[in-house]
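Residues per chain are reported as follows:
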Amino acid sequence: DELLEELPRLRTDIDAFAQVGRKLCDAHKRNRVTISNANQIVELLEIPQLMDTCVRNGLYTEALELRSFASTLLLHHEAIYSGLQKGNKVNNEGKYEEPVKGSGIEIIKTT
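Note that the structure is a prediction, hence the values are computed from the model and not measured.

*Asks:* Please set out the overall build of the protein chain residue by residue, giving values where relevant.
*Replies:* Across its full length, the protein chain holds 5 helices and 0 strands. Reading the helices (α) and strands (β) of the protein chain from amino to carboxyl end gives α-α-α-α-α. Taking all 111 residues of the protein chain together, 8% fall into the buried category. Per element, the accessible surface of the protein chain, about 9,800 Å² overall, is 58% carbon and sulfur.

Set out below in structure tokens:
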């Protein structure tokens, strides 16, 4: 009889353990993806410094190419990000900056 009385509590504990296990597996998957993309992440994080170096050295064409590359990445990943956010109450409208109007060199010199 005691064993039968403990079964519901045991089942609850097993369900809680399984839920924690699923969360750990999901976190592990995200970490693996991050680690596998570490080199690319570092390269992306270096873009602002590289762009600043280009501007300081008068390499405006290269700086514009970097800006174009970053804008392309933003557009590509904005669609992915907004797809991930569907169902949330977060309003993504206006989250990203509107393209700056003006000549390329003026844009670079102001950033």
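*Asks:* Explain the pattern of salt bridges to me, and be specific about the residues and the numbers.
*Replies:* Considering all chains together, one arrives at 4 salt bridges under this definition. Ionic pairing is found between Arg9 and Glu6, a salt bridge with its closest N-O pair at 2.9 Å. Residue Arg9 and its partner Glu6 are both found in helix 1 (residues 2–36); the two are separated by 3 residues, about one turn of the helix. Given a relative accessible area of 52%, Arg9 falls into the exposed group. Take Glu6: its relative accessible area is 37%, and that puts it in the partly exposed class. Arg56 is the salt-bridge partner of Asp52, the closest N and O atoms lying 2.7 Å from each other. Taken as a pair, Asp52 and Arg56 lie in helix 3 (residues 47–56) at a separation of 4 residues, close to a single helical turn.

*Asks:* Explain a nonpolar patch on the surface residue by residue, including any values.
*Replies:* A surface patch of nonpolar side chains, about 380 Å² in accessible area, is lined by Leu4, Leu7, Leu10 and Ile14. With respect to the element layout, Leu10 can be found in helix 1.

Definitions and cut-offs
Residues numbered from 1 in each chain as written. Predicted model: local features only at pLDDT ≥ 70, side-chain atom pairs only at ≥ 80, totals over all residues. Heavy atoms only, no water. Helix = DSSP H or I, 4+ residues; strand = E, 2+ residues; numbered from the N terminus. Buried < 20%, exposed > 50% of the residue type's maximum accessible area, 1.4 Å probe, protein only. Areas by Shrake-Rupley, 256 points an atom, 1.4 Å probe, with all protein chains shown as cover. Salt bridge = Lys/Arg side-chain N within 4 Å of Asp/Glu carboxyl O. Patch = residues over 30% accessible without salt bridge, like charges linked within 9 Å, V, L, I, M, F, W, Y side chains within 5 Å.

Note that all results are geometric; they support no functional claim without further evidence.
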